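Close look at the chain arrangement
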Amino acid sequence: DDQIERERASQHLAGGCCALAAIYLMGKFYVANAGDSRAIIIRNGEIIPMSREFTPETERQRLQFLALLRPELLGKEFTHLEFPRRIQPKELGKKMLYRDQNMNGWAYKKIEEDDLKFPLIFGEGKKARMMATIGVTRGLGDHDLKVFSSNIHIKPFLSCFPEVRVYDLTQYEHCPDDVLVLGTDGLWDVTNDKEVAGVVMEVLTGYEPNDPCRYTMVAQELVVRSRGVLKERGWRMANDKLGSGDDISVFVIPLGGPGNYT
């Protein structure tokens, strides 16, 4: 992240990206995630999550705590408190549900002038945004990102530190159908873990266990199904739901070799 910052001027590059990495070292997989990509292991049909998404919703308390400690980062435009909906000026003095950095549940408070500011985190699900700008809270780059029509920098709230999960390959006997799937949010926005596992098992059964192309074909099928087919109403999947409009990158990595196949 520091290197990206140093090079952004010389390379004339702006923007940022999420990062998902899997490293094999001495019999273990180390999976590191910073952003909203996802990794799962499929072992004997069982799904084992190897990451979690970092979004304004999942990191609400960290973001609110930072805003409380450094209110100058909010630029007098935002409040670190969260409310179920946007508060109107006519509601001053009334009671409204809210939550702060220490709360999992909700409580009531009397609405004050500061509460009329735009909330640090607004929206739900994939529509949730931090400072009405960005939907992920960890990643690399975005050093120049600012709130629209303002001089408020968003980078202080974006962390480049990943969460790392470890999977010990030596604890299990793996067959060629056991895989690690890495995918960007373009895949997971429209395809859940169970559906991905179904595609993995469906495609792998059509190839011999020692065929190295079988894993590439799984990745390709996951991309194609998640994108869908272009129709009059846009990209549609087989179930006629809207296909992914985001970029889709997928890696399928085998955990066991043909010698372990039974």
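Identification of the chain as PPM1J phosphatase from Gymnorhina tibicen is taken from an unreviewed UniProt entry.

A look at helix α5 (residues 213-227)
Between its first and last C-alpha, α5 extends 21 Å over 15 residues, near the 21 Å set by a 1.5 Å rise per residue. Taken together, the buried positions of α5 are Arg 214, Tyr 215, Val 218, Ala 219, Leu 222 and Ser 226. For α5, the arc enclosing every buried residue in end-on projection is 145 degrees, short of the 170-degree limit, so these residues lie on one face. If you follow the buried residues of α5, they end up packed against β14 (179-183), α3 (185-188), α4 (193-204) and β17 (250-254).

What to know about the domain arrangement of the chain
Domain boundaries in the chain define domain 1 (1-52 + 162-254) and domain 2 (59-157). Centre-to-centre separation of domain 1 and domain 2, based on C-alpha positions: 31 Å. Taken together, the 16 residues of domain 1 in the interface contact 10 residues of domain 2. Interface area, domain 1 with domain 2, both sides summed: about 1100 Å², of which 52% is carbon and sulfur. When the buried area of domain 1 at its contact with domain 2 is split by residue, Asp 1, Arg 8 and Cys 17 rank highest and sum to 34% of it. The tally of links from domain 1 across to domain 2 stands at five salt bridges. The tally of links between domain 1 and domain 2 comes to eight residue pairs in polar contact (both at pLDDT 80 or more).

Looking at the pattern of salt bridges
Across all of its chains, the model carries 22 salt bridges by this definition. For Asp 1, the salt bridge goes to Lys 155, with nearest N and O atoms at 3.1 Å. With Asp 1 in the segment before α1 (2-11) and Lys 155 in the loop between β12 (140-141) and β13 (163-168), this residue pair connects regions lying 154 residues apart in the sequence. With its nearest N and O atoms 3.9 Å apart, the salt bridge here joins Arg 8 to Glu 5. One end of the pair is Arg 8 and the other is Glu 5, both in helix α1 and three residues apart, which spans about a single turn. Three or more residues are tied together by salt bridges with common partners; here these are Asp 36, Lys 126, Asp 185 and Asp 189.

So, how was this worked out
Residues numbered from 1 in each chain as written. Predicted model: local features only at pLDDT ≥ 70, side-chain atom pairs only at ≥ 80, totals over all residues. Heavy atoms only, no water. Helix = DSSP H or I, 4+ residues; strand = E, 2+ residues; numbered from the N terminus. Expected span 1.5 Å × (residues − 1). Buried < 20%, exposed > 50% of the residue type's maximum accessible area, 1.4 Å probe, protein only. Arc of directions from axis to C-beta. Contact = heavy atoms within 4.5 Å. Domains from an automatic or database assignment. Buried area = accessible area lost by both parts, 1.4 Å probe. Salt bridge = Lys/Arg side-chain N within 4 Å of Asp/Glu carboxyl O. Polar contact = N/O pair within 3.5 Å; in protein donor to acceptor, adjacent residues only side chain to side chain.

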